[in-house]
Amino acid sequence: MKVLANDGLSASGVKPLEKAGIQVILKTVAQEQLADFINENKVDVLLVRSATKVRKDLIDACPGLKIIGRGGVGMDNIDVEYAKSKGIKVINTPAASSHSVAELVFAHLFGMVRFLHDANQNMPLMGDTHFNQLKKSYEKGAELKGKTLGLLGFGRIGQATAKVALGIGMKVIAYDPFIDSAHLTLDFYDGQTVSFTIDTISKEEVLKQADFISLHVPAQKEYVISTKEFGMMKKGAGIVNAARGGVIDEVALVKAIEDGIISNAALDVFESEPAPEIQLLMNKNISLTPHIGAATLEAQDRIGEELAAQIIAYSA
Ligand SMILES: NC(=O)c1ccc[n+]([C@@H]2O[C@H](COP(=O)([O-])OP(=O)(O)OC[C@H]3O[C@@H](n4cnc5c(N)ncnc54)[C@H](O)[C@@H]3O)[C@@H](O)[C@H]2O)c1
């Protein structure tokens, strides 16, 4: 078998594939040349991340393809049902990046409560001339320990985020219309474990009780958080969106910050990616990252391992 990893593949995936006698081509072929390359090189497996598009026309043009693999969760760039209807196996690695996203949520939360995103901008500009003034403006920091984290969406990433929260002494509450309860086991470095069972509660209760809200829902037609939901939150709450652009109403978010309902927000994903609204980018109460939730070396290694295992199992 021959694999084309068009958006890259970590060594943890390449090594086991090659060991199993499967050739791996690590090359990024331009979208318009992809069909010809796949056919000329007799590629059986096309691996992509989010950059390469695997649409109906490509699938039709490459009858030799046996597997399409997506390193990561979202399959928006692949016509999955059409590929399946043509007998192509479609695989992904849904769990590989959950902990990476969870840690990014906490990078934002820890940063937010001590104004790090703002301090990191102002220290280089004024740190040597206005040190005491800056010190004063960041003096009302807060701790996360003892606070309540409200999770909207309690699937893989929601639960991974809950574990990090529990580990630092936060209370966790969650809403998920399809999950009533989750049993979470925290694993410590020395083999000790601690287990928690968290029963989900209503969305309204989560919004009312949480000091911080973090969203972990799939893309949907309607906003999960808009003006009405901001109106239900605790005054001064924080909110993080590392799920999908479009699950928070960004106009309502800016208004909620201006009205003091939300003290701080963090966004890793945006409604108008890859050109987020300037009102968000320039807002000093928003901690920002460019959709990097899953982008850790560890997640890439797990993605490589999981894809390789699935391809080897198929070829056996
Ligand atoms: N920032 C990043 O780089 C990054 C990386 C990976 C995944 N994600 C995104 O994170 C999100 C969650 O991923 P996951 O792997 O945990 O998915 P998952 O399918 O395991 O969990 C999603 C959960 O959301 C629940 N849900 C659906 N609609 C809901 C609603 N309106 N309110 C509350 N809960 C609702 C579902 O029942 C499900 O349990 C997805 O949108 C995914 O695309 C982002």
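Whatever comes next refers back to the structure up there.
Cut-offs applied
Residues numbered from 1 in each chain as written. Predicted model: local features only at pLDDT ≥ 70, side-chain atom pairs only at ≥ 80, totals over all residues. Heavy atoms only, no water. Core = buried A, V, L, I, M, F, W, Y, C linked by side-chain atoms within 4.5 Å. Buried < 20%, exposed > 50% of the residue type's maximum accessible area, 1.4 Å probe, protein only. Helix = DSSP H or I, 4+ residues; strand = E, 2+ residues; numbered from the N terminus. Pairing = 2+ DSSP bridges. Axes fitted to C-alpha atoms, helices over the stretch in contact; angles between N-to-C directions. Contact = heavy atoms within 4.5 Å. Near = heavy atom within 4 Å. Polar contact = N/O pair within 3.5 Å; in protein donor to acceptor, adjacent residues only side chain to side chain. Areas by Shrake-Rupley, 256 points an atom, 1.4 Å probe, with all protein chains shown as cover. 1 Å grid on protein atoms, 1.4 Å probe; cavity = no way out; pocket = protein on both sides within 12 Å on 5 of 7 lines; lining within 4 Å. Sits in = over half its atoms within 2 Å of the grid points. Nonpolar A, V, L, I, M, F, W, Y, C, P; charged D, E, K, R; others polar. Right-handed = clockwise from strand over helix to strand, strands pointing away.

Enquirer: I keep staring at the nonpolar core and nothing clicks. Help me out?
Expert: Here is a general trend for soluble globular proteins: nonpolar side chains tend to be buried in one another's company. If you look at the biggest cluster of nonpolar residues, it comprises 28 residues, and the most contacted ones within it are Ile-225, Phe-230, Ile-239, Leu-253 and Ile-262. For this core, the secondary structure elements donating two or more residues are α9 (203-209), β10 (212-215), β11 (237-241), α11 (250-258) and β12 (262-267). If you look at the next biggest cluster of nonpolar residues, it comprises 27 residues, including Ala-162, Ala-165, Phe-212 and Ala-266.

Enquirer: Looking at this model, I keep getting lost on the sheet that holds β12. Mind explaining?
Expert: The strands making up a sheet associate through backbone hydrogen bonding, with each pair oriented either parallel or antiparallel. Here we have 6 strands laid out as an open sheet, ordered β7-β6-β10-β11-β12-β13, and parallel in their pairing. On the outer flanks of this sheet lie β7 (171-175) and β13 (286-288), each paired with one strand and no other. The mean inter-strand angle of the sheet, taken between neighbouring strand axes irrespective of direction, is 15°. Here 4 bridges tie strand β6 (residues 148-152) to β10, and the two strands are oriented parallel to one another. Each residue of the ladder has a partner; that of Gly-150, found in β10, is Ile-213. Helix-sheet contacts for helix α8 (residues 156-167) involve β6 and β7, and the interaxial angle to β6 is about 175°.

Enquirer: Hey, could you run me through the site of the ligand in this one?
Expert: Not every one of the 22 residues close to the ligand is listed here, only the nearest: Ile-157, Asp-176, Val-217, Gln-220 and Asp-268. Asp-176 is positioned with one of its side-chain polar atoms (N or O) 2.6 Å from an oxygen atom of the ligand. Backbone polar atom of Val-217 to an oxygen atom of the ligand: 2.7 Å apart, as the coordinates give it. For the ligand, whose accessible area on its own is 870 Å², the fraction buried by protein is 85%. More than half of the atoms belonging to the ligand lie within 2 Å of the grid points that define the largest pocket. Of the residues that constitute the shell around the ligand, the class distribution is 12 nonpolar, 6 polar and 4 charged.

Enquirer: How do you make sense of the pairing of strand β1 (residues 2-5) when you look at a structure like this?
Expert: Consecutive side chains of a regular strand alternate in pointing toward one face of the sheet and then the other. Pairing of β1 with strand β2 (residues 23-25), which is carried by 3 bridges, proceeds in the parallel orientation. Across the sheet, the residue bridging to Leu-4 is Ile-25, located in β2. A crossover connection joins β1 to the parallel β2 through helix α1 (residues 11-19); in handedness this β-α-β unit is right-handed. Bridge count for β1 against strand β3 (residues 45-48) is 3 bridges, and the pairing is parallel. Within β3, the residue paired with Ala-5 across the bridge is Leu-47.

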